[in-house]
Amino acid sequence: MSTLPPCPQCGSAFTYEDGAMLICPECAHEWSKEAASETDLPPENSLPRVA
Ligand SMILES: [Zn+2]
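Residues numbered from 1 in each chain as written. Predicted model: local features only at pLDDT ≥ 70, side-chain atom pairs only at ≥ 80, totals over all residues.

### Some remarks on the overall build of the chain
Part 1 of the argument: Secondary structure assignment for the chain yields one helix and three strands.
Part 2 of the argument: For the chain, the N- to C-terminal ordering of α and β elements is β-β-β-α.
Part 3 of the argument: Counting over 51 residues, the chain shows a buried share of 8%.
Part 4 of the argument: Long-range contacts, defined as pairs at least 24 residues apart, comprise 13% of the intrachain contacts of the chain with a sequence gap of at least 6. (Helix = DSSP H or I, 4+ residues; strand = E, 2+ residues; numbered from the N terminus. Buried ≥ 20, exposed ≤ 12 C-beta atoms within 10 Å, placed from the backbone. Contact = placed C-beta atoms within 7 Å.)

Spelled out as C-alpha cells, the structure:
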C-alpha cells in the first residue's frame, strides 16, 4: 500500500486518490499529486488545526 500525503489545507491523513488527484474528505480540498510532489512540503510544517 502506498502512503498518501496529508491534506495541505487541514492536515488530515484521510486523503484518498481519484485518478491524478488527491482528495481530502475532511475539508473537501482537492489537489494534484504532481503539484504536491513539486512543492515537497516538510511533514512538520505547522498547519493550523481546525477541528
Ligand atoms: Zn483537508
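And the narrative resumes.
### Thoughts on the sheet that holds strand β1 (residues 16-18)
The strands that make up a sheet are held in pairs by hydrogen bonds between backbone atoms, and each pair lies either parallel or antiparallel.
Part 1 of the argument: An order of β1-β2-β3 is seen for the three strands of this open sheet, with the pairing classed as antiparallel. Both edges of this open sheet fall to β1 and β3 (30-32), since each of them pairs with a single strand only. On average, adjacent strands in this sheet sit at an angle of 35° to one another, irrespective of strand direction. (Pairing = 2+ DSSP bridges. Axes fitted to C-alpha atoms, helices over the stretch in contact; angles between N-to-C directions.)

### So, the confidence of the model for the chain
Part 1 of the argument: For the chain, the average pLDDT comes to 82, and 67% of its residues sit at 70 or higher.
Part 2 of the argument: For the chain, per-element mean pLDDT is lowest for helix α1 (residues 33-39), which scores 63, and highest for strand β2 (residues 21-23), which scores 95. (pLDDT = per-residue confidence, 0-100.)

### Looking at the environment of Lys33
Part 1 of the argument: Its place among the elements puts Lys33 in helix α1.
Part 2 of the argument: Residues Lys33 and Met21 lie 12 residues apart in sequence; the distance between their C-alpha atoms is 5.8 Å.
Part 3 of the argument: Here Lys33 is in contact with Ala20 and Leu22, once residues within four sequence places are set aside.

### Describing the environment of Pro8
Part 1 of the argument: Within the secondary structure, Pro8 is located in the segment before β1.
Part 2 of the argument: In this structure the C-alpha to C-alpha distance between Pro8 and Trp31, which are 23 residues apart in sequence, comes to 8.8 Å.

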